[in-house]
Amino acid sequence: MKENLQELGFFEAVEERRSVRIFDQESPFDHEQVKRCLEAAILSPNSSNLQLYQFVRVPESSPLKDPLAQLCMRQKAATTARELVVIITRRDLWKSRAEANFQYLSETAQNQSEKKVKQARNYYKNLIPKLFGKYPGWTFLKKIIAWWVGLRRPMVREVGETEVRISVHKSASLAAMTFMLGMKAVGYDTCPMEGFDSKRVKKLLDLPSEAEICMIIGCGKGLPEGVYGPRFRVPTSELIEEK
Ligand SMILES: Cc1cc2nc3c(=O)[nH]c(=O)nc-3n(C[C@H](O)[C@H](O)[C@H](O)COP(=O)(O)O)c2cc1C
């Protein structure tokens, strides 16, 4: 399969990617390519390099595949998918991921200036815990502090709990995009979905209570009838602005 694959360049993949809702059931599907594209997705930029996400793979051979597709509101993009990739956020892992970053930076300290190590320590041991820690009234206090500091100098305002969750979802979404473009580049199609019963999916997949589902991505070789219409975008002038 791989030998015949003519991989697409970046702009070709961007232009040819569509959300495909019906996948071919007959042609072989190389699940190794999903792994490869997920490994590429992991290289996506992510906030503070905390990598607060995980990818749960549910291939067609899994007994959970059909029940999961049912929980995606029986969308064809899920029922016909050869594999479903559930992208979950793991905000709760912030401590271990901050520690991993700090350890890495400390271990590579010989190549870094003392100042850089100090900066890394301050970032991962001081700032990140302040942003991610959860205490009663903490969001309110952080917002007040941000407002107060912001009176004198530029200050990040998005410090509340909701904004932290949004930030984690932003990073997960960027990884999702890299994954989908990768899949297109190797000749496969995808459909990102947010139409699912998150509560039941979490139970079915036995996900940790703190996990949130960012997206479920149906994967396979798309059938022409799986593209529901020509691509529509509002005029570029409405989307791109120059100041
Ligand atoms: C976060 C997100 C959630 C989506 N959820 C669904 C969904 O549940 N079902 C579906 O058929 N398409 C879903 N889509 C696909 C969009 O409808 C699609 O990307 C959009 O119509 C543009 O079409 P294109 O992807 O073919 O360019 C979703 C896309 C995104 C980014």
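Being a predicted model, the structure only gives us computed values, none of them experimental.

> Explain the overall build of the protein chain to me, using residue names and the numbers behind them.
Within the protein chain one finds 10 helices and 4 strands. The principal-axis extents of the C-alpha atoms in the protein chain amount to approximately 60 × 45 × 40 Å. By the burial criterion, 39% of the 243 residues in the protein chain qualify as buried. For the protein chain, contacts bridging at least 24 residues in sequence account for 79% of all contacts bridging at least 6.

> Account for the packing of helix α5 (residues 94-107) against helix α6 (residues 114-132), with residues named and values stated.
Running from amino to carboxyl end, α5 crosses α6 at an angle of 170 degrees, the nearest separation of the two axes being 9 Å. With respect to α6, the element α5 is oriented roughly antiparallel. Contacts between α5 and α6 involve W94, A98, E99, N101, F102 and L105 on the former and, on the latter, A120, R121, Y124, K125, I128, P129 and F132. Considering only residue class, the contact of α5 with α6 consists of 9 nonpolar, 1 polar and 3 charged.

> With reference to specific residues and values, describe the domain arrangement of the protein chain.
Under the domain assignment, the protein chain is made up of domain 1 (10-86 + 171-225) and domain 2 (93-163). A straight line from the C-alpha centre of domain 1 to that of domain 2 covers 31 Å. At the interface, 8 residues of domain 1 touch 10 residues of domain 2. Carbon and sulfur atoms make up 50% of the surface buried where domain 1 meets domain 2, a total of about 660 Å² over both sides. Its largest share of buried area at the contact with domain 2, domain 1 owes to S48, L50 and L52, together 68% of the area lost on that side. Linking domain 1 to domain 2 there are 1 salt bridge. Ionic pairing is found between K134 and E210, a salt bridge with its closest N-O pair at 3.5 Å. Counting every contact that joins domain 1 to domain 2 gives 4 residue pairs in polar contact (both at pLDDT 80 or more). Split by residue class, the side of domain 1 that touches domain 2 holds 3 nonpolar, 4 polar and 1 charged.

> Which residues make up the side chain of K184, and what values go with them?
Within the fold, K184 resides in helix α8 (residues 161-185). Within the structure, the side chain of K184 is placed 2.8 Å from the side chain of D189, a separation counted as a polar contact. Apart from the residues lying within four places of it in its own chain, the contact partners of K184 are L8, A13, E16, R17 and D189.

> Report on the sheet that holds strand β3 (residues 189-193), specifying residues and quantitative values.
Read from one edge to the other, the open sheet built from 4 strands follows the order β1-β2-β4-β3, with strand pairing classed as antiparallel. Of all the strands in the sheet, the pair left with one neighbour each is β1 (53-59) and β3. Neighbour to neighbour, the strand axes of the sheet diverge by 20 degrees on average, direction disregarded. Examined bridge by bridge, β3 and strand β4 (residues 212-220) share 5 bridges and lie antiparallel to one another. Paired with C191 across the two strands is G218, which belongs to β4. Strands β1 and β2 (83-89) of the sheet are contacted by helix α2 (residues 31-41), whose axis makes an angle of about 170 degrees with β1.

> For the site of the ligand, give the residues involved together with the corresponding values.
R17, R18, S19, R21, Q75, C191, P192, M193, E194, G195, R231 and R233 make up every residue found near the ligand. Taking P192, its main chain carries an N or O atom lying 3.1 Å from a nitrogen atom of the ligand. In the model, an oxygen atom of the ligand is placed 2.8 Å from a nitrogen or oxygen of the R233 side chain. Considering the ligand on its own, with 610 Å² of exposed area, one finds that the protein chains cover 66% of that surface.

> I'd like a description of the packing of aromatic side chains, backed by residues and values.
Tallied over the entire structure, the rule returns 7 aromatic pairs. Ring centres 5.0 Å apart and planes at 80 degrees place the aromatic pair F10 and F11 in the edge-to-face group. As far as burial versus exposure is concerned, F10 and F11 are alike and both exposed. Residue placement shows R152 over the ring face of W148; its charged tip is 4.2 Å from the ring centre.

Cut-offs used in this document
Residues numbered from 1 in each chain as written. Predicted model: local features only at pLDDT ≥ 70, side-chain atom pairs only at ≥ 80, totals over all residues. Heavy atoms only, no water. Helix = DSSP H or I, 4+ residues; strand = E, 2+ residues; numbered from the N terminus. Buried < 20%, exposed > 50% of the residue type's maximum accessible area, 1.4 Å probe, protein only. Contact = heavy atoms within 4.5 Å. Axes fitted to C-alpha atoms, helices over the stretch in contact; angles between N-to-C directions. Parallel < 35°, antiparallel > 145°, perpendicular 65-115°, else oblique. Nonpolar A, V, L, I, M, F, W, Y, C, P; charged D, E, K, R; others polar. Domains from an automatic or database assignment. Buried area = accessible area lost by both parts, 1.4 Å probe. Salt bridge = Lys/Arg side-chain N within 4 Å of Asp/Glu carboxyl O. Polar contact = N/O pair within 3.5 Å; in protein donor to acceptor, adjacent residues only side chain to side chain. Pairing = 2+ DSSP bridges. Near = heavy atom within 4 Å. Areas by Shrake-Rupley, 256 points an atom, 1.4 Å probe, with all protein chains shown as cover. Phe/Tyr/Trp six-rings, centres within 6.5 Å; stacked < 30°, edge-to-face > 60°. Lys NZ or Arg CZ within 6 Å of the ring centre and 35° of its normal.

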